[in-house]
Amino acid sequence: MPEVVIAGAVRTAVGKRNGGLSGVHPADLSAIVLTALAERTGLDPALVDDVIWGCVSQVGDQSSNIGRYSVLAAGWPERIPGTTVNRACGSSQQALDFAAQAVLSGQQDVVVAGGVESMSRVPLGAAKAGGAPYGPRALARYDGFEFNQGIGAELIARKWGFDRTRLDEFSVLSHERAAAAQDAGAFRDQIVPVDAVTADEGVRRGSTVEKLAGLKPAFREDGVIHAGNSSQISDGAAALLLTTPEKARELGLTPLATYRAGAVAGSDPVLMLTGPIPATERVLRKAGLVIGDIGVFEVNEAFAPVPLAWIAETGADPALVNPLGGAIALGHPLGGSGAVLMTRMLHHMRDSGIRYGLQTMCEGGGTANATVVELVG
């Protein structure tokens, strides 16, 4: 059977909105991780067959195929193409899956996948401004419900019985884990410095349930979802190098992991954020594994109820889920997050000797990606 290996994974720190990365154009931010990927792996960029780049809000500074302009900004040969994909928050995880499929098919030998989002420069929802992306027929199918992730998170919390205290406890734990990971230097080797920004900016040390109790609900007056138990608005980019084991040996590359399986699933677009549950079931089946085989999970913390419902349904060990913190503490740069999470997971697997890792990401519109990787060596 043909195989694909991930032979490099780098990311920027994740910047807060209007923080240390906000002054960097997203194409330049992408170029920084592309350059670092080549330098750290020893790859000649001229050997890259394609660059597949995730980005959600493809307007303004992120319009007109930012994947291609990122390649040019990196100074890579003009003949290296680039394309941009959008599967909402899972865009760069989908870029990884597309890259793996291209290599597995034999059509390409060396592909770079990743993504970027500068939410400081291109605000959340900018791509919808003045438009109606759902259309009347989709709305009519769901009785006129205006699809909304925040309301979906409220509905998930209600369905699974998570009260505000439980959600806030999970959020505090995310910050505690992220702070501990920073203090232990867990992210040091994977982060590319950008304008002296070398650490994820969103971690709030000393966060407590009591402090979070003072925040107002964001979506419903009597709701449980608020800024403190939701993912942060962020800036960031990440890049991954995919090739075959044979090509890796030929080029002197050192693989981090083997790509074992990828899956995508649709789910109820009203709840919207439960897709990781069926996507996980599907990817485990494809990989020939069960939940107990996995040593670490990265489940994007779009809102606290998302990973909590996922844990409840899959039976995963909570101690293995987002052990270094998640998007509530470390931020969520939309189109870049899939590659950021994979980079974090791969380095954690290498540092801790974990054989299998599973990453999954809920997405706007009610879809989700899931990916399983196996440590090499």
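Refer to the structure presented above.
Let's shift gears to the pattern of salt bridges. All chains considered together, the criterion is met by twelve salt bridges. Between Asp189 and Arg350 there is a salt bridge; the shortest N-O distance is 3.7 Å. Note that Asp189 is positioned in the loop between helix H6 (164-183) and strand E6 (191-192) and Arg350 in helix H12 (residues 337-352), a separation of 161 residues in sequence. Classification of Asp189 as exposed rests on a relative accessible area of 53%. Look at Arg350 and you get partly exposed, because its relative accessible area is 35%. We note a salt bridge from Arg260 to Glu374, for which the minimum N-O separation is 2.6 Å. In this pair, Arg260 is assigned in strand E8 (residues 257-266) and Glu374 in strand E11 (residues 367-375), connecting sequence segments 114 residues apart. Ionic contacts of the salt-bridge type, sharing partners, join the residues Glu3, Arg260, Arg355 and Glu374 into one network.

With that settled, consider helix H2 (residues 66-73). If you check which residues of H2 are buried, you get Ile66, Gly67, Ser70 and Val71. Projected onto a plane normal to the axis of H2, the buried residues spread over an arc of 145 degrees and lie on a single side. Two residues or fewer past H2, Gly75 is found with a positive phi of approximately 80 degrees.

Let us now look at the packing of aromatic side chains. Tallying each qualifying case throughout the model produces five aromatic pairs. Aromatic side chains Phe297 and Trp310 sit 5.2 Å apart centroid to centroid with 65 degrees between the ring planes, which places their arrangement in the edge-to-face category. Of this pair, Phe297 sits in strand E9 (residues 296-299) while Trp310 sits in helix H10 (residues 305-314); the two residues are 13 residues apart in sequence, bridging distant segments of the chain. Assessed through its relative accessible area of 1%, Trp310 is described here as buried.

H10 packs onto H6 with a crossing angle of 100 degrees between their chain directions and a minimal axis gap of 10 Å. With respect to H10, the axis of H6 lies roughly perpendicular. On H10, the residues that touch Arg166, Leu167 and Phe170 of H6 are Pro305, Pro307 and Leu308. When the residues that make up the contact of H6 with H10 are grouped by side-chain class, the tally is five nonpolar, no polar and one charged.

The rules we used
Residues numbered from 1 in each chain as written. Predicted model: local features only at pLDDT ≥ 70, side-chain atom pairs only at ≥ 80, totals over all residues. Heavy atoms only, no water. Salt bridge = Lys/Arg side-chain N within 4 Å of Asp/Glu carboxyl O. Helix = DSSP H or I, 4+ residues; strand = E, 2+ residues; numbered from the N terminus. Buried < 20%, exposed > 50% of the residue type's maximum accessible area, 1.4 Å probe, protein only. Arc of directions from axis to C-beta. Phe/Tyr/Trp six-rings, centres within 6.5 Å; stacked < 30°, edge-to-face > 60°. Axes fitted to C-alpha atoms, helices over the stretch in contact; angles between N-to-C directions. Parallel < 35°, antiparallel > 145°, perpendicular 65-115°, else oblique. Contact = heavy atoms within 4.5 Å. Nonpolar A, V, L, I, M, F, W, Y, C, P; charged D, E, K, R; others polar.

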